[in-house]
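Residue-level structural notes
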Amino acid sequence: MKREAGLRYAALTDTGKRKQNEDAYFAGRTNGYHLFAVADGLGGHACGEVASRMAVEILVEAAGRELSESEPAEMLGRAFERINAAIFAYNGDNALNAGTTLSAAVVGESGRCWIGTVGDSRTHIVTPTSVWHTRDQTYVQGLVESGAISPAEAMLHPRKNVLTQALGLSARVRVDLDIAELAGGVLLVSSDGLHDYVPESAIQKIVLENAPDTACRRLLDAARDAASTDNTTVIVARA
């Protein structure tokens, strides 16, 4: 576990029952901000692990170069576009269809969080009374929003992993940008190997009752206990 400027944080990843881990992540500090990111390379697509690693590397490089001069939301928007273009070009050069999700949070000293998301990796802010998280860009999320199914039913839906957006698969991508306040809550960034299997109430209990390093271990345990077969990556940060 690391502690920097009032934030304690930890990160862990688990291959699960997959042959390789196609997740990539970053947790650290740059230009007076904390940066937390999880990318999930697309299973079944060639070189998903390359796409997720490219996403994180380009994001970290952009934050290191631009956060001292740009607003975090502007930096995130440009970085995501750059990531998409780089992976799309890589695919064109190598006749591949590599892709990845990415959720990234820039956290300022005041606790304000600027968040960018493509796909179904999530950034959450967990408090004793609520769990807020970024919107999944998935087919099933559209069903939930239309009222066709409930969030609980979404976890069991056979098409829950069908994305409507991903980085690298087309020349253009829609990036969801959010601003949230940490305000004494706990920040959790995760790949879908966690939140597609573990109920929100269980996630909330684990992150509130444990220090970040212990919470990360228990979240991965909970994913395995819930029969998650996917790679699972979690980052937990709190004051």
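Here, every reference points to the structure presented above.
Right, let's walk through the structure included here.

Reading the values: the criteria
- Residues numbered from 1 in each chain as written.
- Predicted model: local features only at pLDDT ≥ 70, side-chain atom pairs only at ≥ 80, totals over all residues.
- Heavy atoms only, no water.
- Buried < 20%, exposed > 50% of the residue type's maximum accessible area, 1.4 Å probe, protein only.
- Helix = DSSP H or I, 4+ residues; strand = E, 2+ residues; numbered from the N terminus.
- Arc of directions from axis to C-beta.
- Contact = heavy atoms within 4.5 Å.
- Axes fitted to C-alpha atoms, helices over the stretch in contact; angles between N-to-C directions.
- Left-handed = near helix turned anticlockwise from the far one by under 90°.
- Nonpolar A, V, L, I, M, F, W, Y, C, P; charged D, E, K, R; others polar.
- Pairing = 2+ DSSP bridges.

**Here's the deal with helix H3 (residues 139-146)**
Among the residues making up H3, those that are buried are Val140, Gln141 and Leu143. Mapping the buried residues of H3 onto a view down its axis gives an arc of 155°, with all of them on the same face. Check the buried side of H3 and you find it contacts helix H4 (151-154).

**Focus on the packing of helix H1 (residues 48-66) against helix H2 (residues 72-94)**
At a closest axis distance of 9 Å, the pairing of H1 and H2 adopts a crossing angle of 145°. You can see that H1 and H2 cross each other, and the crossing is right-handed. Here Val50, Ala51, Met54, Ala55, Ile58, Leu59, Ala62, Ala63, Arg65 and Glu66 of H1 lie close against H2, whose contacting residues are Met75, Leu76, Arg78, Ala79, Arg82, Ile83, Ala86, Ile87 and Tyr90. Of the residues in the contact of H1 with H2, the class split is 15 nonpolar, no polar and four charged.

**Points about the pairing of strand E6 (residues 112-118)**
Burial of E6 is extensive: six of the seven residues sit out of reach of the surface. Bridge analysis of strand E5 (residues 100-107) against E6 gives six bridges, and the strand direction is antiparallel. If you follow Ser103 over to E6, its bridge partner there is Thr117. Linkage of E5 to E6, two consecutive antiparallel strands, is achieved through a turn of four residues, within which Gly111 is found at a positive phi near 95°. Note that E6 and strand E9 (residues 176-181) share six bridges and pair antiparallel. Bridge pairing links Trp114 to Ile179 in E9.

**Things to note about the environment of Leu67**
Following the sequence through the fold, Leu67 ends up in the loop between H1 and H2. Taking the C-alpha atoms as reference points, Leu67 and Asn91, separated by 24 residues in sequence, lie 29 Å from one another. Here Leu67 is in contact with Thr30, Asn31, Tyr33, Ala62, Pro72, Met75 and Val106, once residues within four sequence places are set aside.

**Let's talk about unusual backbone geometry**
The phi dihedral of Asn31 falls on the positive side, at around 50°, and the residue is not glycine. Summarising the element assignment, Asn31 is placed in the loop between strand E3 (23-30) and strand E4 (33-41). Relative accessible area serves as the criterion here: at 34%, Asn31 is assigned to the partly exposed category. Positive phi, close to 70°, is recorded for Ala227, a residue that is not glycine.

Read these as geometric descriptors, not functional statements.
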